[in-house]
Amino acid sequence: MLSSSQASGYAAWACNFKKLPRHIYPRPGLNLLCLVCAMLLLGSVQVRAQNPGHESVLELTRVNGQIRIDGRVEEPAWDNVSPLPLVMYEPVFEGDMTERSEIRIGYDAEYFYASGRFYDSNPDDIRANSMYRDRYSGDDTFSLFLDTFNDRQNAIWLAVNPNAVRMDYAISNDLEGGGPNPFGRVINPSWNTYWDVATIRTHEGWFVEMRVPLSSLGFQIRDGVVEMGLATMRRISRKNEMHLFPAIAPNWNMAFAKPSQFQRIQLRDVSARKPVYITPYAAGGGSQLNELTTDETNYVQTDNLTADIGGDIKYSLTNNLTLDLTVNTDFAQAEVDDEQVNLTRFSLFFPEKRQFFQERAGIFEYRTSGRFDRVFHTRQIGLKEGKTIPIIGGARLVGRIGGWGVGTINLQTASLGSQPSENFGVYRARKQVFNPNSYVGGIVTTRIGSDSTWNAVYGLDGIIRVGRKEYVELKWAQTYDEAHNNRLIGPNGFARARLERRTEIGLSYTISASWGGADFSPGIGFVSRTGFIQPFATLGYGWLTGSSSPVLSMRPWLIFSQYLRDRDGSLESGLYWLRWDIIMKSGDAYGFGLETYSEDLQEAVEFPEGTEVPVGRYRYYALSWDYEMRDGRLLRIDATASAGTFFDGTNIEVQAEPTWNLSRFLELGATYQFNRVRFPDRDQGFYVHLARLRSQLAFSTKASVSAFLQYNTATDTFSANMRFRYNFREGNDLWIVFNEGRNTDRFRETPTLPELESRTVLLKYTYTFIR
């Protein structure tokens, strides 16, 4: 905890930026940023940081005897393991559970074990909708959460349904910053690891046994003791009922998966094996591609046959430090991106889906402003304007060294056309300070091209828990490259100070100020805008209703966000949002919003069909509604709608996402988005239709086929992605992948576009040797 004299000194240091020469630091809004910094630092003195010494630690039972992973939970070894004391999480926290559940957790020298006896009064209604790996489809599930690094920020989530279909996710940032749907933001659904599970169904219910090699978990041994965080849960989907250990109150979105709230556990006298995983691959196929000629007068089709070999090596240097090496890295089996409709003047953000970049990805997170902006975004490596850039090879090191969480990546890409060969480096470190929920850290990224271009970034950050739910965040970053007049303090920087109260039940708030210099340009990051000062605030209050109400919780909240130009303090854009969220005990959820936008355009904005919004100042409004149906229904639908003004016109948007589980072998899903935009004063407007159709057919838990079709009138394109997978065992797969892209309006450009843009058929086989 800071002393008063230390805080006063830091506050003075923050405000001394005002004394810098005016050409070095942005002038407008500086007083606001300094004031917020000083308030946050002084405020941290007033609230005593929480001491982790009061936390109870559960010493797990060591398993004596062999456990056969067959789902029966009948080995004598389980008799010595007491079931965990479960509570109802939903629909009524600590209410009466309607079904009997028994969850046991144990370990031995090599494995972490979990079992579940999930009795059901109506076993025919048990939801087991999916046979498709990593696909949750409203199933009953058993989940195991482990904060293996014991950092209260990151965790792994292993889940299984009654069909023994495995799902594994990686959680980061203590589940904060993900919004209403954190998947793809702070929950990574593309992460995988090695573990075994088996289930059976009987007239009594369903039963599960899970075994996780300790070598698949990163952990730290101190004096022969391993400490980590644990949570575990049964979900009865048709009832929207969850049984949870420990008793985590639903004060946050998906609080059951929040690492800082997990039960601390201890394991003794374990020493995980350190196997080497060697995964070579062989891939081959053919492609057709229509490319514009050098004189830009015509398109020429080229046919290519390809054959590749390469592979990855994974080795645990210590129990909590993992080294990955890769050569000729291949991502043929990665799912294609979802098409999006862009009705803004900024670039769209697409999440990472390539497997190599998923391992402990949370350690590399360093976000700046907005929902998606960040210093490091892995899609800058090996991808360029939708084209794949070959990765020659590289290495990644992730884990803990002493009290530090560390992560490094270094990859070399090949040259392709006008794109030079480049080296990408990322170096990240974080350390817990003051209490288990606080850290300070730093990041360095480098991008060096063979054509003498270069970019380097350093960033410092810290999050300090100063109360039971109050957190202070401070960030500072700078970029350097060959194109700008780099300065020690100047327009190549970014800064943010934030105070927030993290909860969804009771009072919550955020107060922050950010500054992004005009030359702030992280070479392997994602930045939507520069040259701004952003005051930002939220205020909300949520509550749980009584046991007799069909409503579970309600939460109204406000957002205030502005972007001011740092050169003169004028308003560039603003968002003012009033929203009311309602969650029903049935699992259905509703949201209602009233939004006000302000925009000062200094350049015209182009939209489809030749529509353009001219330079000028605009204020417009919208009413919005969204509905999310409970997952447990075999046919379910999510929907959103909004209507209002849009710059100097109007916009009506409707989106529907139905999902239908015809059987446990077949799932159909679709998305349809419609926009009607009109500017009557200029007699302009356009319609947008975006359609996605997904089908997933699983012949068994090993063999499956998926098809993903997309049509977008905003880009006048149609695409198809089809993938067959046969999983012989973990790390041993056969993939057949088909991709095709077509132009639906060939005459929108000159020269005339080809009907077929590209087509590829690829076959890939991987096999993992464990030594």
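Per chain, the residues get numbers from 1 upward, laid out in the order the sequence is written. Per-residue local features of the predicted model are confined to residues with pLDDT of at least 70, and side-chain atom pairs are confined, for both listing and counting, to 80 or more; whole-chain, interface and lining totals are unaffected and use all residues. Calculation of side-chain values draws on the structure's entire complement of heavy atoms; hydrogens and water are dropped beforehand.

Before going further, it helps to examine empty space enclosed by the protein. If a probe as big as a water molecule is rolled over the atoms, it shows which places are left empty. Detection works on a 1 Å grid of protein atoms alone, calling trapped sets that fit a 1.4 Å probe cavities and calling open sets with protein on both sides within 12 Å along at least five of seven lines pockets, with lining residues defined by an atom within 4 Å of a point. Grid points are joined across faces, edges and corners, and a volume is the space filled by probe spheres set on the points. The tally for this structure, following the rule as stated, stands at two cavities of 30 Å³ or more. Roughly 50 Å³ of internal volume is contained in the largest cavity. In this structure, the largest cavity is lined by 13 residues; those nearest its centre are Ser130, Met131, Tyr132, Glu667 and Gln696. Numbering of helices and strands starts at the N terminus; helices are DSSP runs of H or I of at least 4 residues and strands are runs of E of at least 2. Of all the elements in the fold, those that place two or more residues in the lining of the largest cavity are β38 (666-679) and β39 (684-698). Nonpolar residues are Ala, Val, Leu, Ile, Met, Phe, Trp, Tyr, Cys and Pro. Charged residues are Asp, Glu, Lys and Arg, and all others, Gly as well, are polar. Split by residue class, the lining of the largest cavity holds five nonpolar, five polar and three charged. Considered as a void within the structure, the second largest cavity measures approximately 30 Å³ in volume. Every residue along the wall of the second largest cavity is listed here: Thr368, Ser369, Asp373, Phe494, Gly516, Phe520, Val527, Arg529, Thr530 and Phe532. Counted by class, the lining of the second largest cavity contains four nonpolar, four polar and two charged residues.

Tracing the sequence through the fold places arginine 152 in the loop between β6 (141-147) and β7 (155-160). What makes arginine 152 buried here is its relative accessible area of 5%. Accessibility here uses a 1.4 Å probe with only protein chains present; expressed as a share of the type maximum, an area under 20% marks a residue as buried, one over 50% as exposed, and anything in between as partly exposed.

Turning to the side chain of aspartate 461, a few remarks are in order. The topology assignment puts aspartate 461 in strand β25 (residues 454-465). In contact with aspartate 461, not counting residues within four places along its chain, are Tyr366, Arg428, Tyr439, Val440, Gly441, Gly442, Leu474 and Lys475. Residues count as neighbours in contact if any of their non-hydrogen atoms are within 4.5 Å of one another.

Now for the sheet that holds strand β10 (residues 196-202). Pairing between two strands requires that DSSP report at least two bridges joining them. Sheet architecture is open: five strands sit in the order β2-β4-β5-β11-β10, paired in mixed fashion. Every interior strand has two partners, whereas the edge strands, β2 (61-62) and β10, have only one. Across seven bridges, strand β4 (residues 101-107) lies against strand β5 (residues 111-119) in antiparallel orientation. Pairing of serine 101 across the sheet is with phenylalanine 118, part of β5.

We now examine the nonpolar core. Core analysis: the largest hydrophobic core is formed by 35 residues, its most contacted members being Ile105, Phe112, Phe142, Met210 and Leu267. Secondary structure elements with two or more residues in this core: β4, β5, β6, β7, β11 (205-213), β13 (225-236) and β15 (263-268). Beyond its immediate sequence surroundings of up to four residues, phenylalanine 142 is in contact with Ile103, Ala114, Ser115, Phe118, Leu158, Ala159, Val160, Trp206, Val208, Met210, Thr232 and Met233. Nonpolar cores were defined as sets of buried Ala, Val, Leu, Ile, Met, Phe, Trp, Tyr and Cys residues, with membership established by side-chain atoms within 4.5 Å. By size, the runner-up hydrophobic cluster in this structure holds 23 residues, among which are Phe331, Phe364, Ile391 and Val398.

One speaks of a salt bridge when a side-chain nitrogen belonging to Lys or Arg is within 4 Å of a carboxyl oxygen belonging to Asp or Glu. One pass over the full model with this rule turns up 48 salt bridges. Linking arginine 104 and glutamate 102 is a salt bridge whose minimum nitrogen-to-oxygen distance equals 3.0 Å. Considered together, arginine 104 and glutamate 102 belong to a single accessibility category, that of buried residues. Glutamate 740 serves as the salt-bridge partner of arginine 759, at 2.6 Å between the closest nitrogen and oxygen. Placement of arginine 759 in strand β43 (residues 756-766) and of glutamate 740 in strand β42 (residues 732-743) is noted, with a sequence separation of 19 residues between them. Here arginine 759 falls in the partly exposed class, since its relative accessible area comes to 25%. Connected through salt bridges with shared partners, the residues Glu99, Asp120, Arg234, Arg238 and Lys239 form a single ionic network.

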